[in-house]
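Next come the chains, spelled out residue by residue.
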Amino acid sequence: MSVKILNSFNVQDQGKAKEQFALDVLKGLSTKPKEIPSKYFYDDEGSRLFSQIMESEDYYLTDCEIEVFEKNKKDIAQKIGHSNINIIELGAGDGRKTKILIDQFLKENLSFKYTSIDISKEAIVQIDRLFKEEFPALEHTGVVGEYTGGLDWVSDNQSGRKLVLFLGSTIGNFDRPNALVFLRVLWKHLNNDDLLLIGFDLKKEIDLMLLAYNDREGITKKFNFNLLTRMNNELGANFDLKNFMHFGTYNPNVGAMESFIISTCAQEVYVGELEKTFKFKAFEPIHLEYSHKYLISDIESFAMETGFEVLNHYFDSNHFYTNSLWRVKKEMPNG
Ligand SMILES: C[S@@+](CC[C@H](N)C(=O)[O-])C[C@H]1O[C@@H](n2cnc3c(N)ncnc32)[C@H](O)[C@@H]1O
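Residues numbered from 1 in each chain as written. Predicted model: local features only at pLDDT ≥ 70, side-chain atom pairs only at ≥ 80, totals over all residues. Heavy atoms only, no water.

1. Regarding the packing of helix α2 (residues 44–55) against helix α5 (residues 121–134)
Moving on, step 1. Running from N to C, α2 and α5 point in directions that differ by 50°, and their axes come no closer than 7 Å. One element, α2, and the other, α5, form an angle in the oblique class. Contacts between α2 and α5 involve D44, S47, R48 and S51 on the former and, on the latter, E122, A123 and Q126.
Moving on, step 2. In terms of residue class, the contact of α2 with α5 is made up of one nonpolar, three polar and three charged. (Axes fitted to C-alpha atoms, helices over the stretch in contact; angles between N-to-C directions. Helix = DSSP H or I, 4+ residues; strand = E, 2+ residues; numbered from the N terminus. Parallel < 35°, antiparallel > 145°, perpendicular 65-115°, else oblique. Contact = heavy atoms within 4.5 Å. Nonpolar A, V, L, I, M, F, W, Y, C, P; charged D, E, K, R; others polar.)

Here's what the structure looks like:
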(Lines give C-alpha, C1' and ligand atoms only; values in the text may rest on other atoms or scores of the structure.)
Protein backbone atom coordinates (compact mmCIF):
# COMPACT_ATOMS: atom_id res chain seq x y z
CA MET A 1 0.00 0.00 0.00
CA SER A 2 1.10 3.54 -0.53
CA VAL A 3 -0.25 5.99 2.03
CA LYS A 4 -0.89 9.66 1.30
CA ILE A 5 -1.37 11.84 4.30
CA LEU A 6 -3.12 15.05 3.32
CA ASN A 7 -1.84 18.41 4.54
CA SER A 8 -3.53 19.08 7.83
CA PHE A 9 -3.20 15.37 8.73
CA ASN A 10 0.62 15.42 8.47
CA VAL A 11 2.62 15.11 11.66
CA GLN A 12 4.12 18.57 10.89
CA ASP A 13 0.63 20.01 10.60
CA GLN A 14 -0.92 18.21 13.53
CA GLY A 15 -0.92 21.52 15.41
CA LYS A 16 -3.43 22.82 12.84
CA ALA A 17 -5.69 19.77 13.22
CA LYS A 18 -5.61 20.19 17.01
CA GLU A 19 -6.40 23.90 16.68
CA GLN A 20 -9.41 23.09 14.47
CA PHE A 21 -10.59 20.44 16.96
CA ALA A 22 -10.29 23.01 19.78
CA LEU A 23 -12.21 25.64 17.77
CA ASP A 24 -14.99 23.17 16.95
CA VAL A 25 -15.22 22.23 20.64
CA LEU A 26 -15.32 25.94 21.60
CA LYS A 27 -18.14 26.55 19.14
CA GLY A 28 -19.96 23.34 20.02
CA LEU A 29 -19.88 23.74 23.80
CA SER A 30 -20.77 27.45 23.56
CA THR A 31 -23.94 26.95 21.48
CA LYS A 32 -27.32 25.87 22.80
CA PRO A 33 -27.99 23.00 22.62
CA LYS A 34 -24.35 21.90 22.95
CA GLU A 35 -22.99 19.76 20.10
CA ILE A 36 -19.72 18.26 18.81
CA PRO A 37 -19.35 17.21 15.13
CA SER A 38 -19.43 13.42 14.75
CA LYS A 39 -16.25 13.30 12.66
CA TYR A 40 -14.31 13.68 15.96
CA PHE A 41 -15.42 10.20 17.02
CA TYR A 42 -12.79 8.67 14.82
CA ASP A 43 -9.41 8.81 16.52
CA ASP A 44 -7.56 5.45 16.61
CA GLU A 45 -9.58 4.17 19.56
CA GLY A 46 -12.84 5.45 17.97
CA SER A 47 -12.13 3.46 14.80
CA ARG A 48 -11.40 0.33 16.82
CA LEU A 49 -14.63 0.80 18.78
CA PHE A 50 -16.62 1.32 15.58
CA SER A 51 -15.29 -2.03 14.31
CA GLN A 52 -16.60 -3.59 17.54
CA ILE A 53 -20.01 -1.92 17.04
CA MET A 54 -20.21 -3.60 13.64
CA GLU A 55 -19.69 -6.97 15.30
CA SER A 56 -22.51 -6.38 17.77
CA GLU A 57 -25.62 -8.49 17.22
CA ASP A 58 -27.82 -5.44 17.81
CA TYR A 59 -26.22 -3.27 15.11
CA TYR A 60 -28.23 -4.76 12.22
CA LEU A 61 -26.81 -2.38 9.58
CA THR A 62 -23.61 -4.36 9.03
CA ASP A 63 -25.38 -7.73 8.64
CA CYS A 64 -27.85 -6.15 6.21
CA GLU A 65 -25.12 -4.65 4.02
CA ILE A 66 -23.19 -7.94 4.06
CA GLU A 67 -26.36 -9.76 2.95
CA VAL A 68 -26.97 -7.21 0.18
CA PHE A 69 -23.44 -7.71 -1.14
CA GLU A 70 -23.47 -11.50 -0.85
CA LYS A 71 -26.76 -11.69 -2.76
CA ASN A 72 -25.94 -9.13 -5.44
CA LYS A 73 -22.18 -9.08 -5.90
CA LYS A 74 -22.37 -10.72 -9.34
CA ASP A 75 -24.93 -8.27 -10.61
CA ILE A 76 -22.95 -5.32 -9.21
CA ALA A 77 -19.78 -6.59 -10.92
CA GLN A 78 -21.68 -6.99 -14.17
CA LYS A 79 -23.04 -3.44 -14.02
CA ILE A 80 -19.55 -2.05 -13.49
CA GLY A 81 -18.27 -3.71 -16.65
CA HIS A 82 -14.76 -4.61 -17.70
CA SER A 83 -13.01 -1.31 -18.40
CA ASN A 84 -10.10 -0.20 -16.20
CA ILE A 85 -11.63 1.39 -13.18
CA ASN A 86 -10.52 3.26 -10.06
CA ILE A 87 -12.50 2.15 -7.04
CA ILE A 88 -12.52 4.93 -4.45
CA GLU A 89 -14.00 4.33 -1.03
CA LEU A 90 -15.01 7.30 1.14
CA GLY A 91 -14.91 6.80 4.92
CA ALA A 92 -13.64 3.29 4.24
CA GLY A 93 -13.55 2.03 7.84
CA ASP A 94 -12.12 -1.45 8.34
CA GLY A 95 -13.11 -2.82 4.90
CA ARG A 96 -14.92 -5.95 6.07
CA LYS A 97 -17.87 -5.36 3.67
CA THR A 98 -15.80 -3.96 0.82
CA LYS A 99 -13.85 -7.22 0.91
CA ILE A 100 -16.90 -9.09 -0.44
CA LEU A 101 -17.07 -6.84 -3.50
CA ILE A 102 -13.31 -6.79 -4.14
CA ASP A 103 -13.24 -10.57 -3.96
CA GLN A 104 -16.02 -10.84 -6.55
CA PHE A 105 -14.47 -8.23 -8.84
CA LEU A 106 -11.19 -10.17 -8.81
CA LYS A 107 -13.03 -13.44 -9.57
CA GLU A 108 -14.66 -11.73 -12.55
CA ASN A 109 -11.25 -10.52 -13.75
CA LEU A 110 -12.24 -6.86 -13.56
CA SER A 111 -9.28 -4.59 -13.90
CA PHE A 112 -9.14 -2.01 -11.09
CA LYS A 113 -7.12 -0.15 -8.50
CA TYR A 114 -8.46 0.59 -5.04
CA THR A 115 -8.14 3.83 -3.05
CA SER A 116 -9.43 4.19 0.50
CA ILE A 117 -10.03 7.65 1.97
CA ASP A 118 -10.59 8.07 5.70
CA ILE A 119 -10.09 10.75 8.32
CA SER A 120 -8.71 8.03 10.60
CA LYS A 121 -5.24 6.66 9.99
CA GLU A 122 -6.15 3.62 12.09
CA ALA A 123 -8.99 2.82 9.64
CA ILE A 124 -6.56 2.93 6.70
CA VAL A 125 -4.13 0.71 8.60
CA GLN A 126 -6.91 -1.79 9.44
CA ILE A 127 -8.14 -1.99 5.86
CA ASP A 128 -4.64 -2.39 4.51
CA ARG A 129 -3.88 -5.18 6.96
CA LEU A 130 -7.03 -7.02 5.84
CA PHE A 131 -6.52 -6.50 2.10
CA LYS A 132 -2.81 -7.44 2.19
CA GLU A 133 -3.82 -10.74 3.73
CA GLU A 134 -6.80 -11.38 1.44
CA PHE A 135 -5.65 -9.84 -1.85
CA PRO A 136 -1.84 -9.64 -1.87
CA ALA A 137 -1.75 -8.46 -5.51
CA LEU A 138 -4.28 -5.63 -5.07
CA GLU A 139 -2.96 -2.13 -5.74
CA HIS A 140 -4.18 -0.13 -2.71
CA THR A 141 -3.58 3.55 -2.02
CA GLY A 142 -4.69 4.81 1.39
CA VAL A 143 -5.46 8.50 1.74
CA VAL A 144 -5.67 9.89 5.28
CA GLY A 145 -7.83 13.00 5.12
CA GLU A 146 -11.35 14.39 4.94
CA TYR A 147 -13.75 13.49 2.11
CA THR A 148 -13.28 16.65 0.05
CA GLY A 149 -9.49 16.74 0.45
CA GLY A 150 -9.38 13.05 -0.51
CA LEU A 151 -11.54 13.64 -3.59
CA ASP A 152 -9.33 16.58 -4.62
CA TRP A 153 -6.31 14.31 -4.30
CA VAL A 154 -8.01 11.66 -6.47
CA SER A 155 -8.94 14.24 -9.15
CA ASP A 156 -5.32 15.45 -9.26
CA ASN A 157 -3.75 12.00 -9.32
CA GLN A 158 -6.07 9.49 -10.98
CA SER A 159 -7.67 9.53 -14.39
CA GLY A 160 -10.11 7.09 -15.97
CA ARG A 161 -13.47 5.71 -14.97
CA LYS A 162 -14.39 5.68 -11.29
CA LEU A 163 -16.61 3.73 -8.96
CA VAL A 164 -17.10 5.47 -5.60
CA LEU A 165 -18.19 3.42 -2.59
CA PHE A 166 -19.86 5.20 0.34
CA LEU A 167 -21.06 2.44 2.63
CA GLY A 168 -22.47 1.92 6.10
CA SER A 169 -25.19 4.59 5.65
CA THR A 170 -22.51 7.14 6.55
CA ILE A 171 -24.51 9.61 4.40
CA GLY A 172 -27.02 9.50 7.28
CA ASN A 173 -24.66 11.56 9.45
CA PHE A 174 -25.45 14.57 7.25
CA ASP A 175 -28.73 16.44 7.52
CA ARG A 176 -30.64 16.79 4.24
CA PRO A 177 -29.11 20.11 3.07
CA ASN A 178 -25.58 18.92 3.88
CA ALA A 179 -26.21 15.53 2.25
CA LEU A 180 -27.24 17.37 -0.92
CA VAL A 181 -24.11 19.54 -0.79
CA PHE A 182 -21.92 16.48 -0.15
CA LEU A 183 -23.44 14.58 -3.10
CA ARG A 184 -23.10 17.56 -5.40
CA VAL A 185 -19.43 18.04 -4.41
CA LEU A 186 -18.91 14.34 -5.15
CA TRP A 187 -20.68 14.74 -8.53
CA LYS A 188 -18.36 17.66 -9.37
CA HIS A 189 -15.33 15.41 -8.80
CA LEU A 190 -16.69 12.72 -11.15
CA ASN A 191 -17.23 12.34 -14.90
CA ASN A 192 -20.21 11.30 -16.96
CA ASP A 193 -20.90 7.56 -16.50
CA ASP A 194 -18.84 7.19 -13.33
CA LEU A 195 -20.65 5.16 -10.68
CA LEU A 196 -21.55 5.52 -7.00
CA LEU A 197 -22.57 2.63 -4.77
CA ILE A 198 -24.07 4.15 -1.65
CA GLY A 199 -25.62 2.55 1.45
CA PHE A 200 -28.82 3.90 3.06
CA ASP A 201 -30.47 2.62 6.22
CA LEU A 202 -34.22 2.57 5.62
CA LYS A 203 -37.02 3.66 7.95
CA LYS A 204 -38.30 0.71 9.97
CA GLU A 205 -39.67 -0.47 13.29
CA ILE A 206 -38.38 2.07 15.83
CA ASP A 207 -37.49 -0.51 18.50
CA LEU A 208 -34.98 -2.15 16.16
CA MET A 209 -33.25 1.17 15.58
CA LEU A 210 -33.26 2.02 19.28
CA LEU A 211 -31.56 -1.28 20.09
CA ALA A 212 -28.93 -0.79 17.36
CA TYR A 213 -27.81 2.52 18.86
CA ASN A 214 -28.15 1.37 22.48
CA ASP A 215 -26.56 -2.06 22.08
CA ARG A 216 -26.75 -4.44 25.01
CA GLU A 217 -22.96 -4.78 25.29
CA GLY A 218 -22.62 -1.01 25.73
CA ILE A 219 -20.14 -0.56 22.87
CA THR A 220 -21.98 2.46 21.43
CA LYS A 221 -21.82 4.05 24.87
CA LYS A 222 -18.03 3.45 24.96
CA PHE A 223 -17.74 4.83 21.40
CA ASN A 224 -19.55 8.05 22.42
CA PHE A 225 -17.66 8.40 25.71
CA ASN A 226 -14.39 8.04 23.80
CA LEU A 227 -15.03 11.55 22.49
CA LEU A 228 -14.88 12.86 26.08
CA THR A 229 -11.66 10.93 26.63
CA ARG A 230 -10.32 12.35 23.39
CA MET A 231 -11.03 15.91 24.58
CA ASN A 232 -9.34 15.09 27.90
CA ASN A 233 -6.25 13.66 26.18
CA GLU A 234 -5.85 16.07 23.27
CA LEU A 235 -7.32 19.32 24.57
CA GLY A 236 -6.48 19.05 28.28
CA ALA A 237 -10.15 18.86 29.27
CA ASN A 238 -11.26 17.39 32.60
CA PHE A 239 -14.51 15.61 31.74
CA ASP A 240 -15.30 13.18 34.56
CA LEU A 241 -16.88 10.30 32.63
CA LYS A 242 -18.87 9.02 35.59
CA ASN A 243 -20.87 12.27 35.56
CA PHE A 244 -22.25 11.64 32.06
CA MET A 245 -24.64 9.15 30.47
CA HIS A 246 -25.22 7.95 26.91
CA PHE A 247 -28.64 8.45 25.31
CA GLY A 248 -29.65 7.29 21.84
CA THR A 249 -33.15 8.06 20.62
CA TYR A 250 -35.22 8.28 17.45
CA ASN A 251 -36.55 11.66 16.37
CA PRO A 252 -39.54 11.01 14.09
CA ASN A 253 -39.78 14.66 13.03
CA VAL A 254 -36.27 14.56 11.61
CA GLY A 255 -36.38 10.85 10.68
CA ALA A 256 -33.08 10.18 12.45
CA MET A 257 -31.52 8.32 15.33
CA GLU A 258 -29.74 10.89 17.47
CA SER A 259 -26.90 10.27 19.92
CA PHE A 260 -26.37 12.39 22.99
CA ILE A 261 -24.12 12.46 26.01
CA ILE A 262 -26.00 13.86 28.99
CA SER A 263 -24.51 15.52 32.04
CA THR A 264 -26.08 13.76 35.01
CA CYS A 265 -25.47 16.70 37.40
CA ALA A 266 -24.75 20.42 37.39
CA GLN A 267 -21.01 20.67 36.79
CA GLU A 268 -18.18 22.65 35.23
CA VAL A 269 -15.66 21.28 32.74
CA TYR A 270 -12.37 23.05 32.05
CA VAL A 271 -10.76 22.71 28.59
CA GLY A 272 -7.06 23.57 28.98
CA GLU A 273 -6.37 24.18 25.29
CA LEU A 274 -9.14 26.82 25.26
CA GLU A 275 -8.36 28.16 28.76
CA LYS A 276 -12.11 28.11 29.27
CA THR A 277 -14.64 26.59 31.65
CA PHE A 278 -17.98 25.31 30.34
CA LYS A 279 -21.00 25.03 32.61
CA PHE A 280 -23.41 22.10 32.37
CA LYS A 281 -26.84 22.11 33.97
CA ALA A 282 -28.11 18.83 35.40
CA PHE A 283 -29.36 16.64 32.52
CA GLU A 284 -28.06 19.00 29.86
CA PRO A 285 -27.21 17.12 26.63
CA ILE A 286 -24.35 17.33 24.14
CA HIS A 287 -25.63 16.32 20.71
CA LEU A 288 -23.10 14.06 18.97
CA GLU A 289 -24.59 12.41 15.91
CA TYR A 290 -27.50 12.12 13.53
CA SER A 291 -28.06 8.81 11.70
CA HIS A 292 -30.83 9.61 9.24
CA LYS A 293 -33.18 6.89 8.02
CA TYR A 294 -34.73 6.97 4.57
CA LEU A 295 -37.60 6.06 2.29
CA ILE A 296 -36.80 4.99 -1.27
CA SER A 297 -38.46 8.21 -2.43
CA ASP A 298 -35.92 10.23 -0.33
CA ILE A 299 -33.06 8.35 -1.99
CA GLU A 300 -34.43 8.89 -5.48
CA SER A 301 -34.87 12.60 -4.87
CA PHE A 302 -31.27 12.85 -3.57
CA ALA A 303 -30.05 11.26 -6.81
CA MET A 304 -32.23 13.38 -9.05
CA GLU A 305 -31.40 16.66 -7.30
CA THR A 306 -27.65 16.12 -7.41
CA GLY A 307 -27.15 14.88 -11.00
CA PHE A 308 -27.23 11.09 -10.70
CA GLU A 309 -29.40 8.41 -12.30
CA VAL A 310 -30.45 5.47 -10.13
CA LEU A 311 -29.46 2.18 -11.84
CA ASN A 312 -30.67 -0.14 -9.11
CA HIS A 313 -31.55 -0.45 -5.44
CA TYR A 314 -30.24 -3.67 -3.87
CA PHE A 315 -32.02 -4.82 -0.70
CA ASP A 316 -31.51 -7.27 2.16
CA SER A 317 -34.30 -9.83 2.65
CA ASN A 318 -36.02 -7.71 5.36
CA HIS A 319 -35.84 -4.50 3.34
CA PHE A 320 -34.14 -2.83 6.31
CA TYR A 321 -31.34 -1.43 4.18
CA THR A 322 -30.44 -0.64 0.60
CA ASN A 323 -27.30 -0.16 -1.42
CA SER A 324 -28.17 2.03 -4.32
CA LEU A 325 -26.12 2.06 -7.53
CA TRP A 326 -26.07 5.46 -9.24
CA ARG A 327 -24.59 6.68 -12.51
CA VAL A 328 -23.24 10.22 -12.94
CA LYS A 329 -25.16 12.18 -15.59
CA LYS A 330 -23.45 15.19 -17.12
CA GLU A 331 -24.49 17.18 -20.14
CA MET A 332 -21.99 16.37 -22.87
CA PRO A 333 -20.83 19.33 -24.99
CA ASN A 334 -22.30 19.02 -28.51
CA GLY A 335 -24.67 16.36 -27.57
C1 LIG B 1 -19.97 5.03 10.08
S2 LIG B 1 -18.28 4.67 9.75
C3 LIG B 1 -18.48 3.63 8.30
C4 LIG B 1 -17.25 2.85 7.94
C5 LIG B 1 -17.39 1.98 6.68
N6 LIG B 1 -17.74 2.75 5.50
C7 LIG B 1 -18.42 0.90 6.90
O8 LIG B 1 -19.47 0.94 6.25
O9 LIG B 1 -18.18 0.01 7.72
C10 LIG B 1 -17.73 6.21 9.07
C11 LIG B 1 -16.30 6.20 8.55
O12 LIG B 1 -16.06 7.48 7.93
C13 LIG B 1 -14.87 8.06 8.45
N14 LIG B 1 -15.12 9.53 8.47
C15 LIG B 1 -15.96 10.21 9.29
N16 LIG B 1 -15.97 11.53 8.96
C17 LIG B 1 -15.09 11.66 7.92
C18 LIG B 1 -14.67 12.77 7.13
N19 LIG B 1 -15.14 14.00 7.37
N20 LIG B 1 -13.78 12.55 6.12
C21 LIG B 1 -13.30 11.28 5.89
N22 LIG B 1 -13.66 10.20 6.61
C23 LIG B 1 -14.55 10.38 7.60
C24 LIG B 1 -14.66 7.46 9.82
O25 LIG B 1 -13.32 7.46 10.23
C26 LIG B 1 -15.23 6.05 9.63
O27 LIG B 1 -14.24 5.15 9.19
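2. A look at the nonpolar core
Moving on, step 1. Membership of the largest hydrophobic core comes to 39 residues, with the highest contact counts inside it found for I36, M231 and F239.
Moving on, step 2. Counting residues per element, this core draws most heavily on helix α9 (residues 219–235), at seven residues.
Moving on, step 3. Contacts of I36, omitting those with residues within four sequence positions, involve V25, L29, L227, M231, I286, H287 and L288.
Moving on, step 4. Residues V143, V154, L180 and F308 belong to the second largest nonpolar core, which totals 29 residues. (Core = buried A, V, L, I, M, F, W, Y, C linked by side-chain atoms within 4.5 Å. Buried < 20%, exposed > 50% of the residue type's maximum accessible area, 1.4 Å probe, protein only.)

3. Observations concerning the pairing of strand β7 (residues 195–201)
Moving on, step 1. When you tally the buried positions in β7, you get seven out of seven residues, the bulk of the element.
Moving on, step 2. Burial along β7 is two-sided: the residues L195, L197, G199 and D201 and L196, I198 and F200 are all buried.
Moving on, step 3. Each parallel crossover has a hand, and the one from strand β6 (residues 161–166) via helix α7 (residues 176–188) to β7 is right-handed.
Moving on, step 4. Pairing of β7 with strand β14 (residues 321–328) involves seven bridges; the strand directions are antiparallel. The partner of L195 across the bridge, within β14, is R327. (Right-handed = clockwise from strand over helix to strand, strands pointing away. Pairing = 2+ DSSP bridges.)

4. What to know about helix α10 (residues 296–306)
Moving on, step 1. Buried residues of α10: I299, S301, F302, A303 and T306, and no others.
Moving on, step 2. Tucked into the core, α10 has its buried residues touching α7, β7, β13 (308–315) and β14.

5. As for the domain arrangement of the protein chain
Moving on, step 1. The domain architecture assigned to the protein chain consists of domain 1 (13–42 + 206–292) and domain 2 (60–204 + 294–328).
Moving on, step 2. Across the contact, 14 residues belong to domain 1 and 15 residues belong to domain 2.
Moving on, step 3. For the pair domain 1 and domain 2, the two sides together bury roughly 1100 Å², of which 55% comes from carbon and sulfur.
Moving on, step 4. Connecting domain 1 to domain 2 are one salt bridge.
Moving on, step 5. Counting across the domain 1 and domain 2 interface gives six residue pairs in polar contact (both at pLDDT 80 or more).
Moving on, step 6. Only α8 (206–212) and β12 (285–292) provide two or more residues apiece to the side of domain 1 that touches domain 2.
Moving on, step 7. Residue classes in the side of domain 1 that touches domain 2 are distributed as eight nonpolar, four polar and two charged. (Domains from an automatic or database assignment. Buried area = accessible area lost by both parts, 1.4 Å probe. Salt bridge = Lys/Arg side-chain N within 4 Å of Asp/Glu carboxyl O. Polar contact = N/O pair within 3.5 Å; in protein donor to acceptor, adjacent residues only side chain to side chain.)

6. Focus: the site of the ligand
Moving on, step 1. Looking at the ligand, there are 17 residues lining it, with G91, K97, D118, E146 and Y147 nearest.
Moving on, step 2. In this structure, D118 approaches the ligand through a side-chain N or O atom, which is 2.5 Å from an oxygen atom.
Moving on, step 3. Within the contact set of the ligand, a nitrogen atom lies 3.2 Å away from a backbone nitrogen or oxygen of I119.
Moving on, step 4. Expressed as a share of its isolated accessible area of 590 Å², the protein-covered part of the ligand is 94%.
Moving on, step 5. Looking at the shell around the ligand, its residues break down into seven nonpolar, six polar and four charged. (Near = heavy atom within 4 Å. Areas by Shrake-Rupley, 256 points an atom, 1.4 Å probe, with all protein chains shown as cover.)

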